[in-house]
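Residues per chain are reported as follows:
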Amino acid sequence: LLEDIPTKVLSPGGKVVILTFHSGEDRRVKKSFKSGFKSGIYSAWSRDVVRPTKEERRDNPRSSCCKLRWAILSDQNAN
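Residues numbered from 1 in each chain as written. Predicted model: local features only at pLDDT ≥ 70, side-chain atom pairs only at ≥ 80, totals over all residues. Heavy atoms only, no water.

Here we take up the environment of Gly40. Structurally, Gly40 is set in the loop between α2 (23-38) and β2 (42-45). Gly40 sits 21 residues away from Pro61 along the chain, and the two C-alpha atoms are 38 Å apart. (Helix = DSSP H or I, 4+ residues; strand = E, 2+ residues; numbered from the N terminus.)

What follows is the structure, given as structure tokens:
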């Protein structure tokens, strides 16, 4: 599914945002975005994860394991 995002879902310059809830999921997303960036598929990607704030974790304890990563499809990739 991660390999299909750039070619089947996004337009050039489109953004993909993925939430993960497990370290194994996060590792796959991180490696996929990094590989896509190196091969020119993505023009930018999140090297650091976005984590819930202290207040959000207090209000929603299940969010504590959540990580957000993003990537931007390169303009050279046309569907």
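Moving on from the coordinates now.
It is worth spelling out the packing of aromatic side chains at this point. Evaluation of the coordinates by the stated rule reveals one aromatic pair. Seen in terms of ring centroids, Phe33 and Tyr42 are 5.4 Å apart; in terms of plane orientation they differ by 75°. Their pairing is edge-to-face. Both residues of the pair, Phe33 and Tyr42, count as buried. Positioned above the aromatic ring of Phe37 is the side chain of Arg47, whose terminal nitrogen or guanidinium carbon lies 5.1 Å from the ring centre. (Phe/Tyr/Trp six-rings, centres within 6.5 Å; stacked < 30°, edge-to-face > 60°. Buried < 20%, exposed > 50% of the residue type's maximum accessible area, 1.4 Å probe, protein only. Lys NZ or Arg CZ within 6 Å of the ring centre and 35° of its normal.)

A few words now on the nonpolar core. General note: in soluble globular proteins, nonpolar side chains tend to be found buried as a group. Counting residues in hydrophobic clusters, the biggest one holds 11 residues: Leu2, Ile5, Leu10, Val16, Ile18, Val29, Phe33, Tyr42, Trp45, Ala71 and Leu73. For this core, the secondary-structure elements that each account for two or more residues are β1 (15-20), α2, β2 and β3 (67-73). Excluding residues that lie within four positions of it along the chain, Val16 makes contacts with Ile5, Leu10, Phe33, Tyr42, Arg69, Trp70 and Ala71. (Core = buried A, V, L, I, M, F, W, Y, C linked by side-chain atoms within 4.5 Å. Contact = heavy atoms within 4.5 Å.)

The three strands are arranged β1-β3-β2 in an open sheet whose pairing can be described as antiparallel. A single partner strand is all that each edge strand has here, and the edge strands are β1 and β2. Adjacent strand axes in the sheet meet at a mean angle of 20° when their direction is disregarded. One ladder, built from six bridges, connects β1 with β3; its direction is antiparallel. Bridging across to β3, Val16 finds its partner in Ala71. Packed onto the sheet, α2 meets β1, β2 and β3 and runs at close to 135° relative to β2. (Pairing = 2+ DSSP bridges. Axes fitted to C-alpha atoms, helices over the stretch in contact; angles between N-to-C directions.)

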